[in-house]
Each structure stands twice: as structure tokens, then as C-alpha cells.
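Summary of the model geometry
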Amino acid sequence: MAGEVSIVSGMAGRYATALFELARDDKSVDAIKTDIDRFAAMLSESEDLRRLVRSPVFGAEEQLKALTAVLEKAGITGLTANFLKLVTANRRLFAVDGMIRGFRTLVAKHKGEVTAEVTVAETLSGAHLDALKTALKAVTGGKAVDLNVKIDPAIIGGLAVKLGSRMVDSSLRTKLNSIKLAMKEAR
């Protein structure tokens, strides 16, 4: 990676790059990505874990003790656990979301994949996810597409997809807002 233009930046990017390089050297990129994805899922599902990660009220020792228990319960060990513990000891756990995004970006580039940010109103079925991946694969010229799905009930229905610099928003909320705007202009 030396000499390459970095595709991730800032403090979170430096941590993500370090984790990726260690994982690549250890030939465990897929295993680390699985652990990171599991931790990210836990983070999105647990308000208590998000509070632990983001709150400056907790000291480094408290965070480390709690995080160690969470990681053990989740079965996250090895390089990923050591990385998260180091981040905690360095008082950088608040930036773990950016580190996860940066790591995913580096893994996708390494594998020749494209990452699509998809926002939906409710959880998609496996068949819908496969259909979406197939459609996006056709758009990217046959590149594998990794989906980062976010659930946002506020969009009411439909979906919004961000693929690189392109954005397609077919959410019901956006359609209703455009109708509302058109009705205001027609007055």
C-alpha cells in the first residue's frame, strides 16, 4: 500500500488502514471483516453499546472492561478483539464507526468490489437483496457489489441507493415531497 493514494483519511482512516494491513499480512482479511461486521451489527442493535462507545463519561478502564466482556460474549477474538481493545485504550472508541467504514472500503477495493449504501424502510428479504445485488452488478459492469443496508422507517417505502458518486432515491418520502413541491408551484 505504500505509495498508493489512500482511499480513507483522518484518524479513523489511519486506524482502518493499520487493521487492514495487519489482516492482509496475516491473510485473514475475510475473518477480520466477518468479526468487524458482527461488531458493527451489535453496535447498531444495542443502544447501551452505542452509549458505551460514544460517551466520554466512561473512563478507558471502564470501557475496556465492558468491551472485553462484550467481545467475549460475541466470540470476537484474535486480531479484531486486540484492535478494538487498542482503540479503547487509546481513547479512540468514539470513532469506531469511521474505522469500520474505512476498513470495509479497503477490503472492497482489495477484492475489486463496489460498496453500495442502501436505505430501506424495513428489512429486505434474501430474495430482494439478491435481486438488488444482481441489478447493481449490471450497473457496475459486472463488479461484485457489497451492500451496506440501513433501515430508516422515515423513508416510508421504496429505497435509496448510493453507489460511488451516484445516488438513486426512489423512496416514498422523496416522491411525496416532490409532489408537495409541485403542488406549491402550481398555485
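Coordinates for the structure precede this section.
Below you will find a few notes about this structure. Remember, predicted model here, so these are calculated numbers, not experimental data. (Residues numbered from 1 in each chain as written. Predicted model: local features only at pLDDT ≥ 70, side-chain atom pairs only at ≥ 80, totals over all residues. Heavy atoms only, no water.)

**Overview of a nonpolar patch on the surface**
How we decide: In this analysis, a patch consists of residues with relative accessible area above 30% that form no salt bridge, clustered at 9 Å for like charges and at 5 Å for the nonpolar side chains Val, Leu, Ile, Met, Phe, Trp and Tyr. Residue exposure ignores everything except the shown protein chains as possible cover, and the areas themselves are Shrake-Rupley values with a 1.4 Å probe. Salt bridge, as used here, is a side-chain nitrogen of Lys or Arg placed within 4 Å of a carboxyl oxygen of Asp or Glu. Numbered from the N terminus, helices here are DSSP runs of H or I no shorter than four residues, and strands are runs of E no shorter than two.
Taken together, Ile156, Leu172, Leu176, Ile179 and Met183 make up a surface patch of nonpolar side chains, about 480 Å² in accessible area. One can find Leu176 in helix α8 (residues 172-186).

**Observations concerning the sheet that holds strand β2 (residues 145-151)**
Quick note on the threshold: Two strands qualify as a pair provided DSSP detects at least 2 bridges between them. To get an axis, a line is fitted to the C-alpha atoms, and for a helix only the part in contact is used. The angle between two axes follows their N-to-C directions and goes from 0 to 180 degrees. By the convention used here, residues are in contact when the closest approach between their heavy atoms is within 4.5 Å.
What the four strands build is an open sheet, ordered β2-β1-β3-β4; its pairing is mixed. One side of each edge strand has no neighbouring strand; the edge strands of this open sheet are β2 and β4 (166-169). Across the sheet, the mean angle from the axis of one strand to that of its neighbour is 15°, orientation sign disregarded. Pairing geometry for strand β3 (residues 159-163) and β4, over four bridges, is antiparallel. Pairing of Lys162 across the sheet is with Met167, part of β4. Across the sheet, helix α7 (residues 126-139) is in contact with β1 (114-120), β2, β3 and β4; its angle to β2 comes to roughly 130°.

**Overview of helix α4 (residues 60-74)**
Applied cut-off: By this rule, a helix spans an expected 1.5 Å times one less than how many residues it contains. Each residue is assigned to one of three classes by its accessible area relative to the maximum for its type, calculated with a 1.4 Å probe on protein chains only: buried under 20%, partly exposed between the two thresholds, exposed over 50%. An arc is given here, and it is the one of the directions from the helix axis to the C-beta atoms.
Here α4 is 15 residues long and its end C-alpha atoms lie 21 Å apart, about the 21 Å a rise of 1.5 Å per residue gives. Among all positions of α4, only Gln63, Leu67, Thr68 and Leu71 are buried. One side of α4 holds all its buried residues, which, seen down the axis, span an arc of 130°. Structural note: α4 exposes Glu61, Lys65, Glu72 and Lys73 on the side pointing more than 90 degrees away from its buried face. Positive phi appears at Gly75, one or two residues downstream of α4, with a value of about 75°.

**Digging into the nonpolar core**
For clarity, the cut-off: Residue types Ala, Val, Leu, Ile, Met, Phe, Trp, Tyr and Cys, when buried and joined through side-chain atoms within 4.5 Å, form a set referred to as a nonpolar core.
If you look at the biggest cluster of nonpolar residues, it comprises 32 residues, and the most contacted ones within it are Phe39, Val96 and Phe103. Contributing elements (two or more residues each) for this core: α1 (10-25), α2 (29-45), α3 (47-54), α4, α5 (78-89) and α6 (96-111). Take this core: its biggest share by element is seven residues, from α2. Membership of the second largest hydrophobic core comes to ten residues, among which are Val114, Val118, Val120 and Leu147.

**What about the packing of aromatic side chains?**
For the record, the criterion: Classification of ring pairs rests on two measures: the distance between centres of Phe, Tyr or Trp rings, Trp counted by its six-membered ring, which must be within 6.5 Å, and the angle between planes, read as stacked under 30 degrees, edge-to-face over 60 and tilted in between.
On inspection of all chains with the given rule, the structure shows two aromatic pairs. Ring centres of Tyr15 and Phe83 lie 6.4 Å apart, and the angle between their planes is 65°; this geometry places the pair in the edge-to-face category. Residue Tyr15 is located in helix α1, and its partner Phe83 is located in helix α5; the two are separated by 68 residues in the primary sequence. Take Tyr15 and Phe83: they sit in the same class, and that class is buried.

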